[in-house]
Amino acid sequence: IQAVIVQEGVTHIGAYAFFYYTNCRSVSLPSSLVSIGESAFAMNYGLTQLDLPEGLRKLGDMAFMSCRALKRLTVPSTLETIGRNTFSSCGSLSDVTLSEGLTALGRLMFSGDRQLKNITLPQSLEKIDDYAFSECPRLTEINIPDSVTTFGIRCFSRTGLRELTLPEGTTT
């Protein structure tokens, strides 16, 4: 299977639904989609194209973990919950845009994304959880919004960052 096309009207994709479809190159998701379950598309090594639809509210743990060919990602403004390891070990992921409305980055969210270089964080962001950007050596610059008050354990460990300015009012 080289393409997954989810029809309009589908609201949820269950856990492991398309897990380990190694030849899958693209996924088309409907605007009716509200949630994607744990590891639903994990280990789709060939996945290069992914457009998360507006209306999506929840991404489960490891939903797109180890999608090694995925290069770019835009997270919709409707997304409220992102689980742990959601985009970890996506070895080609270099550009990420997180839309306004998102308040927290989950544990290990982008961990091991060795090509991650550009990321746009929303002004609505309040928390960056444990190891969120660990093992991202090409991440040399990041603009932390003033709204972020909580930083998890080693959230920027083993990155290429040389300097990090924390916003006033940071609690951890």
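Placed above this text is the structure.
Summarised in this report is the structure supplied together with it. (Residues numbered from 1 in each chain as written. Predicted model: local features only at pLDDT ≥ 70, side-chain atom pairs only at ≥ 80, totals over all residues. Heavy atoms only, no water.)

As for the environment of Thr 120
If you trace the backbone, Thr 120 turns up in strand 11 (residues 118-120). As a C-alpha pair, Thr 120 and Asn 143 span 23 residues in sequence and 7.6 Å in three-dimensional space. Residues within four places of Thr 120 in sequence aside, it is in contact with Val 96, Thr 97 and Leu 98. (Helix = DSSP H or I, 4+ residues; strand = E, 2+ residues; numbered from the N terminus. Contact = heavy atoms within 4.5 Å.)

Examining a nonpolar patch on the surface
A surface patch of nonpolar side chains, about 310 Å² in accessible area, is lined by Tyr 16, Phe 19 and Tyr 20. Secondary-structure assignment places Phe 19 in the loop between strand 2 (12-13) and strand 3 (26-28). (Patch = residues over 30% accessible without salt bridge, like charges linked within 9 Å, V, L, I, M, F, W, Y side chains within 5 Å. Areas by Shrake-Rupley, 256 points an atom, 1.4 Å probe, with all protein chains shown as cover. Salt bridge = Lys/Arg side-chain N within 4 Å of Asp/Glu carboxyl O.)

Quick look at the nonpolar core
Judged by nonpolar contacts, the single largest core of 48 residues is most densely connected at Ile 36, Phe 64, Phe 110, Ile 128 and Phe 133. When residues of this core are traced back to their parent elements, those giving at least two are strand 7 (72-75) and strand 9 (95-98). Among all residues touching Phe 64, those that are not within four sequence positions of it are Ile 36, Phe 41, Ala 42, Leu 47, Leu 50, Leu 52, Leu 59, Thr 86, Phe 87 and Cys 90. (Core = buried A, V, L, I, M, F, W, Y, C linked by side-chain atoms within 4.5 Å. Buried < 20%, exposed > 50% of the residue type's maximum accessible area, 1.4 Å probe, protein only.)

Things to note about the sheet that holds strand 9
A sheet is described by the order of its strands in space; here 3 strands give the open sequence 7-9-11, paired in parallel fashion. Looking along the sheet, the strands with just one partner apiece sit at the ends: strand 7 and strand 11. Going across the sheet, the axis of each strand differs from the next one's by a mean of 5 degrees, ignoring polarity. Sheet topology note: the strand 7/strand 9 ladder contains 4 bridges and is parallel. What sits directly across from Leu 73, in strand 9, is Val 96. (Pairing = 2+ DSSP bridges. Axes fitted to C-alpha atoms, helices over the stretch in contact; angles between N-to-C directions.)

Quick word on the pattern of salt bridges
Pairing is possible between side chains that carry opposite charge, provided their charged atoms lie close to one another. This model, assessed by the stated rule, comprises 6 salt bridges. The salt bridge involving Asp 130 is made with Arg 107; its shortest N-O contact spans 2.9 Å. Here the residue Asp 130 occupies a position in the loop between strand 12 (127-128) and strand 13 (150-151), and Arg 107 occupies one in the loop between strand 10 (104-105) and strand 11, the gap between them amounting to 23 residues. A salt bridge links Lys 127 to Asp 129; the nearest nitrogen and oxygen atoms lie 3.9 Å apart. Among the residues examined, Lys 127 registers a relative accessible area of 33% and is labelled partly exposed. One network of salt bridges, with partners in common, ties together Arg 114, Glu 135 and Arg 158.

A few points about the pairing of strand 9
Covered by surrounding structure in strand 9 are Val 96 and Leu 98 only, the residues Asp 95 and Thr 97 on the alternate face being uncovered. Relative to strand 11, strand 9 is paired through 3 bridges, and the arrangement is parallel. In the sheet register, Thr 97 faces strand 11, and the bridge partner there is Thr 120.

Some details on the packing of aromatic side chains
Tallied over the entire structure, the rule returns 11 aromatic pairs. A centroid spacing of 5.8 Å and a plane angle of 85 degrees characterise the contact between Tyr 20 and Tyr 45, whose relative ring orientation is edge-to-face. Taken together, the residues Tyr 20 in the loop between strand 2 and strand 3 and Tyr 45 in the loop between strand 4 (35-36) and strand 5 (49-50) connect sequence positions 25 residues apart. By relative accessible area, Tyr 20 is classed as partly exposed at 47%. Taking the centre distance of 6.0 Å and the plane angle of 15 degrees together, the rings of Phe 87 and Phe 110 count as stacked. One end of the pair, Phe 87, is in the loop between strand 8 (81-82) and strand 9; the other, Phe 110, is in the loop between strand 10 and strand 11, with 23 residues separating them in the sequence. One exposure class covers both Phe 87 and Phe 110, and it is buried. Between the NZ or CZ atom of Arg 68 and the centre of the ring of Tyr 45, over which it lies, the distance is 3.9 Å. (Phe/Tyr/Trp six-rings, centres within 6.5 Å; stacked < 30°, edge-to-face > 60°. Lys NZ or Arg CZ within 6 Å of the ring centre and 35° of its normal.)

Note that all results are geometric; they support no functional claim without further evidence.
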